[in-house]
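Remarks on the overall topology
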Amino acid sequence: MIDTRIYTPKDLQRKTVQDDIRQTLLSGKNVVFPTETVYGIGAFALSEKGVRNIYSVKGRPSDNPLIVHVRDVSELKPYIHIDQPYVEALIDAFWPGPLTLVFRRKQTVPDNITGGLETVGTRVPSHPVAREILSIAGVPVCAPSANISGRPSSTLFEHVLEDFNHTVDIIIDGGKSDVGLESTVLDVTKKRPVILRPGVITRSMIEAITPPVTIATEAESEEKAIPKAPGMKYRHYAPEGRLTIVEGDAENVIAYINEQTRKHQEENERVGVITTGEHADAFDTPYVFNIGESADEAAIASNLYIALRTMDQLKIDHIYSFSFHKGRYKEAIMNRLYKAANHRIIRV
Ligand code: TXA
Ligand code: MG
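Along each chain, numbering runs from 1 in the same order as the chain's sequence is written. Think of it this way: whatever chain is written first is A, whatever ligand is written first is 1, and the rest follow in order. Local features in a predicted model are, by the rule used here, given only for residues with pLDDT of at least 70; side-chain atom pairs are given and counted only at 80 or more, and totals for whole chains, interfaces and linings are based on all residues. With hydrogens and water excluded, all non-hydrogen atoms of the structure serve as input to the side-chain values.

The next subject is unusual backbone geometry. Backbone torsion omega between W95 and P96 reads -5°, so that peptide bond is classified as cis. A run of H or I in DSSP becomes a helix once it reaches four residues, and a run of E becomes a strand once it reaches two; helices and strands are each numbered from the N terminus. Mapping P96 onto the fold places it in the loop between α3 (87-94) and β6 (99-105). For N342, which is not glycine, the phi dihedral falls at a positive 50°. Burial here depends on accessible area, computed with a 1.4 Å probe over protein chains only, as a share of the maximum for the residue type. Under 20% is buried, over 50% is exposed, and the range in between is partly exposed. Judged by its relative accessible area of 44%, N342 is partly exposed.

Below you can see the structure in the form of structure tokens.
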């Protein structure tokens with residue numbers, strides 16, 4: 001058991017703390033830090049031990065590759081081949097920011113972070129604390145989302161603590177994540193870029209700059225021996241309770257959920273509901289999570305994982321959620337919600 005050290009962003013100004021962070025990473029140990037998307041659990045990318053440790057404390061399958069984070073694109077030169085002419089414009093438009101680009105890798109990239117692939121995912125985060133950590137480290141840092149494999153990603157410091165207190169050396173408390181969903185993952189090795197994971201950098205934002213985008217479907221990537229985005233084949237983001245998405249007119253959705261609630265309550269089972277603010281008073285259970293107003297897609301995105309983890313904290317047996325098909329972030333939000341529900345959808 002590790003005596004985890006917890007720092008605030010202000011602590012990062014102190015030289016002793018900077019030294020601690022640098023030494024921790026360089027000696028093959030892990031630091032959890034906030035990014036604008038979700039918290040990441042970081043290791044020095046060239047440290048075999050640090051990387052192995054990430055897989056071990058997350059319980060992550062070893063064929064699921066990690067994203068390499070750097071402070072500036074120039075630091076990627078030794079590690080990647082840029083094959084497509086549209087890449088430079090993408091980098092200009094979206095880095096630093098919530099976009100991961102998958103490049104053909106050079107042999108300098110250790111095999112244990114790419115899960116056996118000939119490509120590597122990379123990202124320049126915009127969050128000031130993430131950038132500070134990368135400056136202090138002075139080396140590339142690979143960082144998957146800071147959650148035990150299969151659980152929702154952490155978007156609050158408390159959620160990081162739930163999963164990693166006493167298993168990592170350092171955790172930086174950066175408060176609530178701004179975006180709340182993981183970065184868009186875009187394969188830029190081909191003439192047409194391929195979205196491997198939707199995020200808040202959307203297809204239309206990308207296509208404003210690049211040739212038409214292909215979207216990798218999950219079925220497509222699961223059929224392949226080596227999936228396009230290995231992360232897509234695993235059950236993800238899932239709460240412990242049984243999550244069902246209910247789609248249809250609000251009135252019907254509410255009636256259905258209340259009917260199910262009565263049945264479950266007769267069995268002494270606890271029911272939770274994830275709803276937009278407009279309907280927060282419509283349910284016959286006290287365990288209602290108001291995810292934000294339906295027109296506020298940014299709020300819904302940033303509260304989704306908090307909603308799922310809150311349901312677990314409340315020991316909810318059955319979770320019912322509205323679907324959130326409005327606004328620019330709908331692909332990203334519904335991608336995560338459908339996975340969390342294991343594609344259990346009721347249409348009413
Ligand atoms: O927003 C984010 O991207 C966060 C923060 C911490 O930066 N990180 C994150 O990492 O979500 P992770 O490891 O939880 O998800 C990375 C996803 C996985 O689905 C993985 O399979 C895919 O990116 N990926 C990584 N490298 C890849 C590659 N070379 N080819 C295809 N997919 C890749
Ligand atoms: Mg993840």
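Let's pick the thread back up.
Attention shifts here to the packing of helix α10 (residues 297-313) against helix α11 (residues 330-340). Lines fitted to C-alpha atoms define the axes here, with helix axes fitted over just the stretch in contact, and angles between the N-to-C directions of these axes take values from 0 to 180 degrees. Two numbers describe how α10 lies on α11: the axes approach to 10 Å, and their chain directions differ by 20°. One finds that α10 runs roughly parallel with respect to α11. Between α10 and α11 the crossing geometry is left-handed. Each of E297, I300, A301, L304, Y305 and L308 in α10 lies in contact with α11, whose residues at this interface are I333, R336, L337 and A340. When residues are grouped by polarity, Ala, Val, Leu, Ile, Met, Phe, Trp, Tyr, Cys and Pro land in nonpolar, Asp, Glu, Lys and Arg in charged, and all others, Gly among them, in polar. Residue composition of the contact of α10 with α11, by class: eight nonpolar, no polar and two charged. Each angle gets one of four labels, with under 35 degrees taken as roughly parallel, over 145 as roughly antiparallel, 65 to 115 as roughly perpendicular, and the rest as oblique. Helix crossings are classified by the rotation of the near helix relative to the far one: an anticlockwise turn of less than a right angle makes the crossing left-handed, while a clockwise turn makes it right-handed. We call two residues contacting when some pair of their heavy atoms lies within 4.5 Å.

Turning to the side chain of T4, a few remarks are in order. Mapped onto the fold, T4 is located in the segment before β1 (5-7). Whenever two N or O atoms come within 3.5 Å, that pair is a polar contact, provided that in protein one can donate a hydrogen and the other can accept it, and provided that, for residues adjacent in sequence, both atoms are side-chain atoms. Here H166 takes part through its backbone nitrogen, which lies 2.7 Å from a polar atom of the side chain of T4. A distance of 2.8 Å separates a polar atom in the side chain of T4 from the backbone oxygen of V168. Apart from the residues lying within four places of it in its own chain, the contact partners of T4 are F164, N165, H166, T167, V168, D169, I170 and I171.

Within α11, nine of the 11 residues are buried, leaving the element largely enclosed by the surrounding structure. Turning to α11, its buried residues are A332, I333, M334, N335, R336, L337, Y338, K339 and A340. One or two steps after α11, the chain reaches N342, where phi turns positive at roughly 50°.

Under the domain assignment, the chain is made up of domain 1 (5-221) and domain 2 (242-347). Spacing between the C-alpha centres of domain 1 and domain 2 amounts to 29 Å. What gets called buried area is simply the loss in accessible area from a 1.4 Å probe that two parts show on being joined, summed for both. Carbon and sulfur atoms supply 55% of the area buried between domain 1 and domain 2, which totals about 1800 Å² over both sides. We count a salt bridge whenever a side-chain nitrogen from Lys or Arg sits within 4 Å of a carboxyl oxygen from Asp or Glu. Inspection of the region where domain 1 meets domain 2 yields four salt bridges. The salt bridge involving R309 is made with E162; its shortest N-O contact spans 3.0 Å. There are 10 residue pairs in polar contact (both at pLDDT 80 or more) connecting domain 1 and domain 2. Counting residues per element, the side of domain 1 that touches domain 2 draws most heavily on helix α6 (residues 157-164), which supplies three residues. Of the residues that constitute the side of domain 1 that touches domain 2, the class distribution is eight nonpolar, 10 polar and eight charged. Here the limits of each domain have been adopted from an automatic or database domain assignment.

The next subject is the side chain of R309. Mapped onto the elements of the fold, R309 is located in helix α10. Given a relative accessible area of 0%, R309 falls into the buried group. Look past the residues within four positions of R309 in its chain and what remains in contact with it is N147, R151, P152, S153, S154, H159, E162 and D163.

What follows concerns the environment of Y39. Here Y39 is to be found in the loop between β2 (31-33) and β3 (40-44). Since its relative accessible area comes to 0%, Y39 is described here as buried. Residues Y39 and G174, 135 residues apart in the sequence, show an inter-C-alpha distance of 8.6 Å. Within the structure, Y39 has its side chain in polar contact with the backbone oxygen of G175 (distance 2.7 Å).

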